[in-house]
Amino acid sequence: MKVLPVFLAMAATALANPGGPGESAVHFLEKIRSNQLNLEPGGDTALAPQTSSPKRQEIARRLERMARDLGSDPLEVAAMKLDDDLAAVLVRKIDDFDPAQLQVFPVTLVTRGAQWLAAPVPASFE
């Protein structure tokens with residue numbers, strides 16, 4: 001039972017970290033929503049330089065569909081799991097008028113230096 005308080009403390013610390021994976025995940029989704037995401041290697045994602053052009057186009061199409069789902073409602077971190085330099089974050093779209101319309105967006109992240117970068121394929125470490 002001692003594991004639960006430790007996990008909760010780690011999660012609270014990670015959420016409070018201003019440059020942490022939670023904030024980075026929300027920022028990533030906001031960039032997708034505003035169509036300002038740089039999908040080039042070294043840009044806004046952890047995209048590998050050897051990623052082929054067709055694969056980049058496929059990723060861009062997925063992100064365009066996701067942008068429509070994101071809409072304009074506010075986003076907030078719902079849950080997060082950390083494992084060394086990897087993180088999985090669930091971000092939910094807040095809709096005050098209809099809780100039945102709750103949507104959750106999974107974002108996976110990796111650290112590069114001191115920065116958390118989202119994996120370009122939603123919900124995947126691909």
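Relevant structure appears above.
Below you will find a few notes about this structure. Bear in mind that the values here come from a model prediction, so they are computed numbers and not experimental data.

## Some thoughts on the overall build of the chain
The number of helices and strands found in the chain is 3 helices and 4 strands. Each helix and strand of the chain, ordered N terminal to C terminal, gives the series α-α-α-β-β-β-β. The burial tally for the chain puts 32% of its 126 residues in the buried class. Of the contacts formed within the chain by residues at least 6 apart in sequence, a portion of 47% connects residues at least 24 apart. Accessible surface computed for the chain: about 7,800 Å², of which carbon and sulfur atoms make up 55%.

## Let's talk about the pairing of strand 1 (residues 75-83)
Sheet analysis places strand 1 next to strand 2 (residues 86-93), joined by 8 bridges and oriented antiparallel. Following the sheet pairing, glutamate 76 is matched in strand 2 by arginine 92. Remark: 2 residues form the turn of the hairpin made by strand 1 and strand 2, two consecutive strands paired antiparallel; aspartate 84 in that turn has positive phi of roughly 55°.

## A closer look at the packing of helix 2 (residues 21-33) against helix 3 (residues 53-70)
Put simply, helix 2 and helix 3 touch, their axes get as near as 8 Å, and they point 100° apart. When the axis of helix 2 is compared with that of helix 3, the two are roughly perpendicular. Contacts between helix 2 and helix 3 involve Leu29, Ile32 and Arg33 on the former and, on the latter, Leu63, Met66, Ala67 and Leu70. Looking at the contact of helix 2 with helix 3 residue by residue, the classes come out as 6 nonpolar, no polar and 1 charged.

## Quick word on the environment of glycine 71
Turning to its location among the elements, glycine 71 is positioned in the loop between helix 3 and strand 1. In this structure, the C-alpha to C-alpha distance between glycine 71 and serine 34, residues 37 residues apart in sequence, is 9.7 Å. Residues contacting glycine 71, with those up to four places away along its chain left out, are Arg33 and Lys93.

## Comments concerning a nonpolar patch on the surface
On the surface, a cluster of nonpolar side chains totalling about 250 Å² of accessible area is made up of Leu90, Leu102 and Val104. Within the secondary structure, leucine 102 sits in the loop between strand 2 and strand 3 (103-112). Judged by relative accessible area, which is 52%, leucine 102 ranks as exposed.

## What to know about the side chain of threonine 108
Position of threonine 108 relative to the elements: it lies in strand 3. The exposure class assigned to threonine 108 is buried, which follows from its relative accessible area of 7%.

The rules behind the values
- Residues numbered from 1 in each chain as written.
- Predicted model: local features only at pLDDT ≥ 70, side-chain atom pairs only at ≥ 80, totals over all residues.
- Heavy atoms only, no water.
- Helix = DSSP H or I, 4+ residues; strand = E, 2+ residues; numbered from the N terminus.
- Buried < 20%, exposed > 50% of the residue type's maximum accessible area, 1.4 Å probe, protein only.
- Contact = heavy atoms within 4.5 Å.
- Areas by Shrake-Rupley, 256 points an atom, 1.4 Å probe, with all protein chains shown as cover.
- Pairing = 2+ DSSP bridges.
- Axes fitted to C-alpha atoms, helices over the stretch in contact; angles between N-to-C directions.
- Parallel < 35°, antiparallel > 145°, perpendicular 65-115°, else oblique.
- Nonpolar A, V, L, I, M, F, W, Y, C, P; charged D, E, K, R; others polar.
- Patch = residues over 30% accessible without salt bridge, like charges linked within 9 Å, V, L, I, M, F, W, Y side chains within 5 Å.
- Salt bridge = Lys/Arg side-chain N within 4 Å of Asp/Glu carboxyl O.

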